[in-house]
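# Results of the structural survey
Given next are the chains, with one letter for each unit.
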Amino acid sequence: MSQERSGNVLYEEIGATWWPLVWAPGLALAGIGFDLMLGLRPHLLGWSLAGAILLAFTALWVYARRRFLRVRLTTTELWQAGERLPLERIRRVESDTHSDERDRPSIAPAGTRVLGGGMTAPRKYEEVMLRLDDGSLVLAWARDAEALGRALAEALTR
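Now for a quick tour of the structure.

Here is what the cut-offs are and how they apply
Residues numbered from 1 in each chain as written. Predicted model: local features only at pLDDT ≥ 70, side-chain atom pairs only at ≥ 80, totals over all residues. Heavy atoms only, no water. Helix = DSSP H or I, 4+ residues; strand = E, 2+ residues; numbered from the N terminus. Buried < 20%, exposed > 50% of the residue type's maximum accessible area, 1.4 Å probe, protein only. Contact = heavy atoms within 4.5 Å. Phe/Tyr/Trp six-rings, centres within 6.5 Å; stacked < 30°, edge-to-face > 60°. Core = buried A, V, L, I, M, F, W, Y, C linked by side-chain atoms within 4.5 Å.

## Looking at the overall build of the protein chain
Helix and strand counts for the protein chain come out as three helices and nine strands. Listing each helix as α and each strand as β along the protein chain from the N terminus yields β-β-α-α-β-β-β-β-β-β-β-α. Residues classed as buried in the protein chain amount to 35% of the 158 residues present. Across the protein chain, contacts joining residues at least 24 apart in sequence account for 63% of those joining residues at least 6 apart.

Below you can see the structure in the form of structure tokens.
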């Protein structure tokens, strides 16, 4: 576990790794290699320019995913994209898959605020409903909602 000024990290999804940045130079080198295999004189400027353009778009894609799809739970707060929610504001996890209580909603009511600023949870992400100290519901989200829900429930009992 890494230590940060806001507490120990209990759960984290980074959104994307930086390894896709090797695709662009790899494709440019493959293009040069194919030119050489075919007995052609490779167009180094063309392949370099194509690799640089692809690298720029890939870097933007990775940066956006790391900024807008990041989920981090520490001992003091929950981060969803750029929004931070202090744990003392969370009363309970509503969408606990292991709960036998029937009075908890299983589907978020229309208009429930989504943490991180989106209109809905990101595509391919699952929702975790949270009850706040003012009685309102909010939607947290993660690729592994069950693990986030467990980590949140554990953090709230500390």
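## Brief notes about the packing of aromatic side chains
Applying the stated criterion to the full structure yields three aromatic pairs. Arranged with centres 5.3 Å apart and planes meeting at 80°, the rings of tryptophan 19 and tryptophan 23 form a pair that is edge-to-face. Each member of the aromatic cluster is reached from another via a ring pair, and the members are Trp19, Trp23 and Trp61.

## Points about the nonpolar core
In this structure, Leu130, Leu148 and Leu152 are the most contacted members of the largest nonpolar core, which totals 31 residues. Looking at this core, the elements that each hand over two or more residues are strand E3 (71-74), strand E6 (90-93), strand E8 (126-132), strand E9 (137-142) and helix H3 (145-157). With sequence-adjacent residues up to four places away left out, leucine 152 is seen in contact with Leu73, Leu78, Leu87, Ile90, Val93, Val128 and Leu130.

Purely spatial values, then, with no claim about function.
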